[in-house]
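# Residue-level structure breakdown
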Amino acid sequence: MEVRYFREVEVEPRVPYEEGLVHVDDDLVVADKPHFLPVTPAGGFVQETLLARLVRRLGNPDLVPLHRIDRATAGLVLFSANPATRTCYQSLFRERRIRKRYEALALPLPHMEFPHVHHSRLARGEPFFRMREVEGDANSETRVEVLERGPRTWHYALEPVTGRKHQLRVHMAALGAPILGDPFYPALREQGPDDHECPLQLLARGLSFEDPVHGGSRRFESRLSLRLPWMRLEPGPDGFTP
């Protein structure tokens, strides 16, 4: 017997962006998550989550996310829609047989050669929700490439080999190019209500894998974009000011 309980939230903020559906079949749902929307219930969010929205929209209470992306990050999230095939798809992530590709806008790194692979050991930082690089054997790896070079900001392609919490955000900050709009790295900003006009410029762009149930290659691409006309970049204490 299974009991699910979600605590009540006195005032749950509405995330003013809608999720997109990239793919739906009997086994998988691929959704485009907007910025600021959590994947699953956490903190002050219960109904305003990607999972809750998709369950209501598709009428399938068996939906389960196969992985997570940060609330601040936009882009692709893969869901299992069928308990009978769920373990097969979960194994893709557990055995690192799925390729995840991200895009980010960040400060230029003109003195670095690309592609660049960054290794480090990540551990829990302070406060508890932040991560930090520490001495020791590497437990995280990210491949970084440049898609486009602008005068004040570069468009990067990021491919995480591992899936540590906040890995891409910590690695880019460590390289000297914190992702634009990041309130956690390299320095923690004063916490307050979400600024929907200034999202983190990080997008889960693509997922690709060999289908363990039906066979053949599967490839999904986000329909979202990081190219926002309102973004202006000025030097500031954190490297930029949106």
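Rules of the game
Residues numbered from 1 in each chain as written. Predicted model: local features only at pLDDT ≥ 70, side-chain atom pairs only at ≥ 80, totals over all residues. Heavy atoms only, no water. Salt bridge = Lys/Arg side-chain N within 4 Å of Asp/Glu carboxyl O. Helix = DSSP H or I, 4+ residues; strand = E, 2+ residues; numbered from the N terminus. Buried < 20%, exposed > 50% of the residue type's maximum accessible area, 1.4 Å probe, protein only. 1 Å grid on protein atoms, 1.4 Å probe; cavity = no way out; pocket = protein on both sides within 12 Å on 5 of 7 lines; lining within 4 Å. Points joined across faces, edges and corners; volume = space filled by probe spheres on them. Nonpolar A, V, L, I, M, F, W, Y, C, P; charged D, E, K, R; others polar. Pairing = 2+ DSSP bridges. Contact = heavy atoms within 4.5 Å.

By the naming in an unreviewed UniProt entry, the protein is tRNA pseudouridine32 synthase / 23S rRNA pseudouridine746 synthase, taken from Lysobacter spongiicola DSM 21749.

## Notes on the pattern of salt bridges
Within the structure shown, the criterion is met by 16 salt bridges. In this structure, Glu 48 engages Arg 14 in a salt bridge whose closest nitrogen and oxygen atoms are separated by 2.9 Å. Remark: Arg 14 occurs in the segment before β1 (20-24) and Glu 48 occurs in the loop between β2 (28-33) and α1 (50-58); sequence separation between them is 34 residues. Looking at Glu 48, the relative accessible area reads 8%, which means it is buried. Arg 101 is paired through a salt bridge with Glu 221; the nearest N and O atoms lie 2.4 Å apart. With a gap of 120 residues between them, Arg 101 in strand β5 (residues 98-106) and Glu 221 in strand β11 (residues 217-221) connect regions that are remote in the sequence.

## What about the layout of surface pockets?
For the largest pocket, the calculated volume is near 920 Å³. Lining the largest pocket are 29 residues; nearest its centre among them are Arg 71, Ala 72, Phe 184, Gln 191 and Asp 194. Within the lining of the largest pocket, the residues separate by chemical class into 14 nonpolar, seven polar and eight charged. Put simply, the second largest pocket is a space of about 320 Å³.

## Quick word on empty space enclosed by the protein
The final tally for this structure, using the stated rule, is one cavity of 30 Å³ or more. What the largest cavity holds in volume is close to 40 Å³. Around the largest cavity sit His 67, Ile 69, Leu 76, Lys 100, Arg 101, Tyr 102, Ala 204, Gly 206 and Leu 207, which together line it. Elements that contribute at least two residues to the lining of the largest cavity include exactly β5 and β10 (202-210).

## With respect to the pairing of β5
Summarising burial for β5: eight of the nine residues are buried, a large majority. Of the strand pairs in this sheet, β5 and β10 are connected by seven bridges, and their pairing is antiparallel. Of the residues in β10, the one forming a bridge with Lys 100 is Leu 207. Where β5 and strand β9 (residues 154-160) come together, five bridges link them in antiparallel fashion. The residue of β9 that forms the bridge with Ala 106 is Trp 154.

## So, the environment of Gly 20
The residue Gly 20 is located in strand β1 in this model. Sequence spacing of Gly 20 and Leu 54 is 34 residues, and the spatial spacing of their C-alpha atoms is 9.7 Å. When near neighbours in sequence (up to four residues on either side) are disregarded, Gly 20 contacts Val 30, Ala 31 and Asp 32.

## Side note on unusual backbone geometry
Of note, the amide linkage connecting Phe 114 to Pro 115 takes the cis form, showing an omega dihedral of 0°. With respect to the helices and strands, the residue Pro 115 is situated in the loop between β5 and β6 (116-124). Along the chain, Tyr 185 connects to Pro 186 via a cis peptide bond; the corresponding omega equals 5°. With respect to the helices and strands, Pro 186 occurs in the loop between α3 (167-175) and β10.

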